[in-house]
Amino acid sequence: MNKSSLKPFLQLIDVGFTAPGLNGNTFPIIKNVSLQVGKGEGVSIIGRNGSGKTTLSRLLCGLLDASAGDILIEGRRIEELKKRGELQKTIGYLFSDPENQIVYPVVEDDVAFGPTNLGFPPIEVKKRVAESLKTVGLEGYEKKEVSILSSGEMKKVALAGILAMGPLAIVLDEPFLMLDPRGVVEMAGILKRLRNTGITLVSTMSSLEEAGYSDRVFILNKGEVILDGELKDILSERGIIEEAGLNLPRITQLICLLREKGLNIPVDILDIEDISEFILGQSKTRPLGGYQKENNFL
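Residues numbered from 1 in each chain as written. Predicted model: local features only at pLDDT ≥ 70, side-chain atom pairs only at ≥ 80, totals over all residues. Heavy atoms only, no water.

Some words on the overall build of the protein chain
Phase 1: A count of helices and strands for the protein chain gives 11 helices and 10 strands.
Phase 2: Taking 2.2 N^0.38 as the reference for a compact globule, 298 residues should give roughly 19 Å; the C-alpha atoms of the protein chain span a radius of gyration of 21 Å, in line with that estimate.
Phase 3: Considered along the principal axes of its C-alpha atoms, the protein chain spans approximately 70 × 50 × 40 Å.
Phase 4: Sorting the 298 residues of the protein chain into buried and exposed places 46% on the buried side.
Phase 5: Contacts in the protein chain between residues at least 24 apart in sequence constitute 64% of all its contacts with a sequence separation of at least 6. (Helix = DSSP H or I, 4+ residues; strand = E, 2+ residues; numbered from the N terminus. Rg over C-alpha atoms; globule rule 2.2 N^0.38 Å. Buried < 20%, exposed > 50% of the residue type's maximum accessible area, 1.4 Å probe, protein only. Contact = heavy atoms within 4.5 Å.)

Here you go:
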């Protein structure tokens, strides 16, 4: 089982999920997945379309029931939490398309929906709505019509509605989908801040490019976890990543090209400024032309 060094929050043990097919047959979407997410950790499950990542994300928060294996949240089976009505207070789910979970036309009414259903008194609900909107950067949006908002703003409203319920963890299906470059930066900042508050975050993504905020990543291919670890550590597994139908981050592709030209730059650098500093630092000790090719790393 893949493990975090943190206290376990979420555990999957040999989890499988099969879907009905033609002629009464079934076909597996998730196959014997075992993984562990630490309390307060931020992880990303990355795979191309059809890899099973959305199905896995819905298993994690009880929207789907596993066909095999066990899902534990803080050591308790997810079925027990659902039966006791505690799951909604424990783990939230952000759909890739926010329109799938927005139910009220006005922002403050929609954000208030969850905590109201959980039985919080009106004064507490109002406080939670205000705090949640502030967290996602939508202060002053309380009276706005959801229909006039951009996709990025809608996604923030949906996330605020989850935060207002006070979950210990949030599963986010493609949190950067439908966002422009500015929206991606803003959402990444929100996720970093949430992780720093101790909320456990599990995000599905289609690209390694988006996983910079994550403590760890899991690469999913054909319903199986084929690679896991810190992003900087798994980038050396180029063959496995490409076998899963994924591309290396653009910064890593640049490093690979520079390495082919004879610059022995570490492949785990994730920032262009760090590349510049490395090259400038090395050039002080020897000419750039003095580098020897080392093609045995990738």
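Let's pick the thread back up.
Observations concerning the packing of helix H4 (residues 107-117) against helix H5 (residues 122-135)
Phase 1: Between H4 and H5, whose axes approach to 9 Å, the crossing angle comes to 120°. Classified by the angle between their axes, H4 and H5 sit oblique to one another. Crossing of H4 against H5: the hand is right-handed. Note on element contacts: H5 touches H4 through Val125, Arg128, Val129, Ser132 and Leu133, opposite Val107, Glu108, Val111, Ala112, Pro115 and Thr116. (Axes fitted to C-alpha atoms, helices over the stretch in contact; angles between N-to-C directions. Parallel < 35°, antiparallel > 145°, perpendicular 65-115°, else oblique. Left-handed = near helix turned anticlockwise from the far one by under 90°.)

Some words on the pairing of strand E8 (residues 200-205)
Phase 1: Most of E8 is tucked away: six of the six residues are buried.
Phase 2: Of the two faces of E8, the one lined by Thr200, Val202 and Thr204 and the one lined by Leu201, Ser203 and Met205 are each fully buried.
Phase 3: In this sheet, E8 lies alongside strand E3 (residues 42-46) in parallel orientation, the contact comprising five bridges. Opposite Ser44, over in E8, you have Ser203 as the bridge partner.
Phase 4: The pairing of strand E7 (residues 169-173) with E8 spans five bridges and is parallel. Paired with Ile170 across the strands is Leu201, a residue of E8. (Pairing = 2+ DSSP bridges.)

As for the side chain of Glu174
Phase 1: Along the chain, the position of Glu174 falls in the loop between E7 and helix H7 (181-196).
Phase 2: By relative accessible area, Glu174 is classed as buried at 10%.
Phase 3: Reaching out from Glu174, the side chain makes a polar contact with the side chain of Ser206 at a distance of 2.5 Å.
Phase 4: With residues up to four places along the chain from it excluded, the contact list for Glu174 reads Lys53, Ser96, Lys155, Thr204, Met205, Ser206 and Glu210. (Polar contact = N/O pair within 3.5 Å; in protein donor to acceptor, adjacent residues only side chain to side chain.)

Side note on a nonpolar patch on the surface
Phase 1: Residues Val103, Tyr104 and Phe113 make up a contiguous nonpolar surface patch of roughly 270 Å² in combined accessible area.
Phase 2: Assignment of secondary structure puts Tyr104 in the loop between strand E6 (91-94) and H4. (Patch = residues over 30% accessible without salt bridge, like charges linked within 9 Å, V, L, I, M, F, W, Y side chains within 5 Å. Areas by Shrake-Rupley, 256 points an atom, 1.4 Å probe, with all protein chains shown as cover. Salt bridge = Lys/Arg side-chain N within 4 Å of Asp/Glu carboxyl O.)

As for the environment of Leu168
Phase 1: By the secondary structure assignment, Leu168 is in the loop between helix H6 (151-163) and E7.
Phase 2: Along the sequence, Leu168 and Ile91 sit 77 residues apart, while their C-alpha atoms lie 5.9 Å from each other.
Phase 3: Excluding residues within four positions of it along the chain, Leu168 makes contact with Phe9, Glu74, Lys89, Thr90, Gly198, Ile199 and Thr200.

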